[in-house]
Every structure is written in C-alpha cells, then in structure tokens.
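# Residue-level structure breakdown
One letter stands for each residue in the lines below.
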Amino acid sequence: MSLRVLDLPVLVLAVALATALPALAAPGPLDPAKIVAPSDKTTMPELPSPYTPNYSRGAVPPASGQPADLAYGAYQRGQYVTAFREATKRIEANPKDAAAMTLLGELYNQGLGVKQNPVKAAEWYRLAAAQNDAAAMSSLGLMALDGRGMPKDPKAGRRWLEQATAQGSSTAAYNLGLILIGTGATADETAAATQFRKAADAEIGPAQHDLGVLYLQGRGVQKDSSQAAQWFRRGADNGDLASEVEYAILLFNGNGVTKDERSAARYFLHAASRGNAIAQNRLARLYAVGRGVSKNLIEAAAWNLAAAAQGLSDAWLDQTLAGLSGDERTRAERLANERIEQR
C-alpha cells in the first residue's frame, strides 16, 4: 500500500480574522444563574498547527483494510528517523511517490527526526503538490500565508488552499473558510459557511463549532438555533472545548434544544475539568445558586478561583461567596489548586 498523508492540522489566521467568529463571552453582570450566549467578535481560539511543538498528527493515512506501510508506521510510533529513512527509500524507488514526499515535508516542517528546515519542507511539499497531493497543497497554503519557508504571500496561500480543497482536503476547506469569514463581506460569509460545512461533515470539531456559530447568528446561513445546537453537540462529541461550552449554554437556556439544566451542568463540569475558564465560571455560578447541581458554596468558590487564576474574575461571585468561613475558604483553595495542577 502506498503511504497516504491526510491534511495537516488547521492554522489560525489571527491577523486575517479581526472580524471573525466570536469566542466565548465573559460572564453576565446581573442574574447570577444566567448563562450568557457569545456576543463579542474576536479571533478564533488558537488551534494546533503544523508548527505546534511535538504535534505529530499531521500525517494520517485514510481508513482502509490494508496494513500501514513502514514509513507511516514509524511516523505514528514516533520513530521519526526511521520514518525519514523509509520515506527516502520510497522516493528512490518511485520518484513520483507524492505521499512519501509529503511525509518528508512534514518531518522537515516540524523538525522530527531531522533538523527543522521550513525551506526544505516547502521544497518537498511543492514536489508532492505537483503530483496533486492535497495535503502538500494545504501545507503550502499555510506556509505561504505565514511566510514560512518562503516569502509571505496571502494570495498564493489562498490559491493553494483552494486547490487543496478542490482535491478534497477538509482542513484546507476549514482554513479557506477562516480566510473568507475574516473579510466581513456577506458573500464571503456564505462561501465560508460552505467551506465550514465540508470540514464539519468530515468531523473536524472546530469547523463544527464555527458552523454552529454561523447558524446561531444567521451569518452566511439562515439563522437556526436548532442547527446550531446540533453542530455544537457534534463538535463537543469530537472533543472541541468551545463547542462543549456553547452546547451547554444552549441546553441551559433551552435555545434550539430542550432545556435541561442538569445536562448543561454536566457539560460545563466536563469542560471546566479540561481547564476552560468560561465553563469554570459558569459552573461556579450554578453551584452558587443550585441550578443543575446541588448548591455547594465551597465548589462554587473553588471553580471561581480556578477561573480567576486564568484571568476571568467575577464580581458577583466574589460578593456572593464573601461570607465563607476561613475553613471553607481553605478547602476551596485546596480544591482549586488541585484542579489547576491537573491541567
């Protein structure tokens, strides 16, 4: 079987996304139990990219009944020197082995088994792209946008992503959608929704989150909170933290889905345990008033402290919890420290 390399992980285009989709909102100042839906427009949360240290999911073959080859198998086991050697042998045997070229590009791009060299990475990606390898095209698009291994060229980056998308790359479709949504043009929002849908259908969690936000806001698609809830739920199932919190918000408010405060609390708890400050704050509020969970001021204080440690303060909670005894505060601090250390 020939080595196949799927698309590289998405790269957030922070500069291009000055008007991109909103991140999770800060806590509302009034009703202590109210869960506020997102409203501000900020850049997307940071996602793994080919440049993330020790990120080794860039080369993934499609599902098939055939066994993985030696180069890919070595890559998956973290045996990068072996992967490099086997991929090189593959190219010596077949100078048109695009998948092996893309793997070499990946190894040079991340500095896995070889000294990191973006220029060499781009060279291998270009050779693979000439063989119509979608993963290589996607990587070249990101590198051109970032000015990595080549001069920065947003237009060329977009062309590479468009070509990769045409070849069926779901992560290229997502990155292309991020570029489109960043323009703020209505037509581009519609096009972005189409690209997000391609990536969302491929079970890319961040794309499912972003598509859900578009449905929630009626940007590029008809406003539909039920569709938003469905996409947030799928994103949550795929481990996307933002989706998890957004879905909990809709569950709590009964927006687009049957209201269920207990289920919402469970989602908040799971996201809070994974270190999400918004979820920690919302969960603290629920414990403070006994909505979806049994009232527990020590738990409320512990989660409030955990959120505050990440810079998310809440004056209402501080005031509500001001009457805790010294012993209760000590217990809350101990819980908060344990949770912070577990992250």
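Here's what I pulled together on the structure shown here. (Residues numbered from 1 in each chain as written. Predicted model: local features only at pLDDT ≥ 70, side-chain atom pairs only at ≥ 80, totals over all residues. Heavy atoms only, no water.)

### Concerning the pattern of salt bridges
A complete count under the given rule lists 12 salt bridges for this structure. Between Arg90 and Asp97 there is a salt bridge, and its shortest N-O distance comes to 2.6 Å. One salt bridge connects Glu162 with Arg158, and the closest N-O pair in it is separated by 3.2 Å. Here the residue Glu162 and the residue Arg158 both occupy positions in helix H6 (residues 154-166), the gap between them amounting to 4 residues, near one helical turn. When its relative accessible area of 36% is taken as the criterion, Glu162 is described as partly exposed. A cluster of three or more residues bridged by salt bridges with shared partners is formed by Lys259, Glu261 and Arg291. (Salt bridge = Lys/Arg side-chain N within 4 Å of Asp/Glu carboxyl O. Helix = DSSP H or I, 4+ residues; strand = E, 2+ residues; numbered from the N terminus. Buried < 20%, exposed > 50% of the residue type's maximum accessible area, 1.4 Å probe, protein only.)

### A short note on the environment of Ala200
When you line up the elements, Ala200 lands in helix H8 (residues 186-201). Judged by relative accessible area, Ala200 falls into the buried class, the value being 0%. Taking the C-alpha atoms as reference points, Ala200 and Tyr174, 26 residues apart in sequence, are found 8.3 Å from one another. Non-local contacts of Ala200, meaning those with residues more than four positions away in its chain, are made with Ala207, Gln208, Leu211, Trp231 and Arg234. (Contact = heavy atoms within 4.5 Å.)

### Overview of helix H10 (residues 225-237)
In a regular helix each residue adds 1.5 Å, so 13 residues correspond to 18 Å; H10 covers 18 Å between its end C-alpha atoms and thus fits that length. Inspection of H10 places Ala228, Ala229, Trp231, Phe232, Gly235 and Ala236 among the buried residues, and these make up the whole buried set. Close packing links the buried residues of H10 with H8, helix H9 (205-217), helix H11 (241-253) and helix H12 (261-273). Taking the backbone nitrogen of Ser226 as reference, a side-chain oxygen 3.0 Å away marks Asp224 as the first, capping residue of H10. A positive backbone phi angle near 85° is found at Gly239, which sits one or two residues after H10. (Expected span 1.5 Å × (residues − 1). Polar contact = N/O pair within 3.5 Å; in protein donor to acceptor, adjacent residues only side chain to side chain.)

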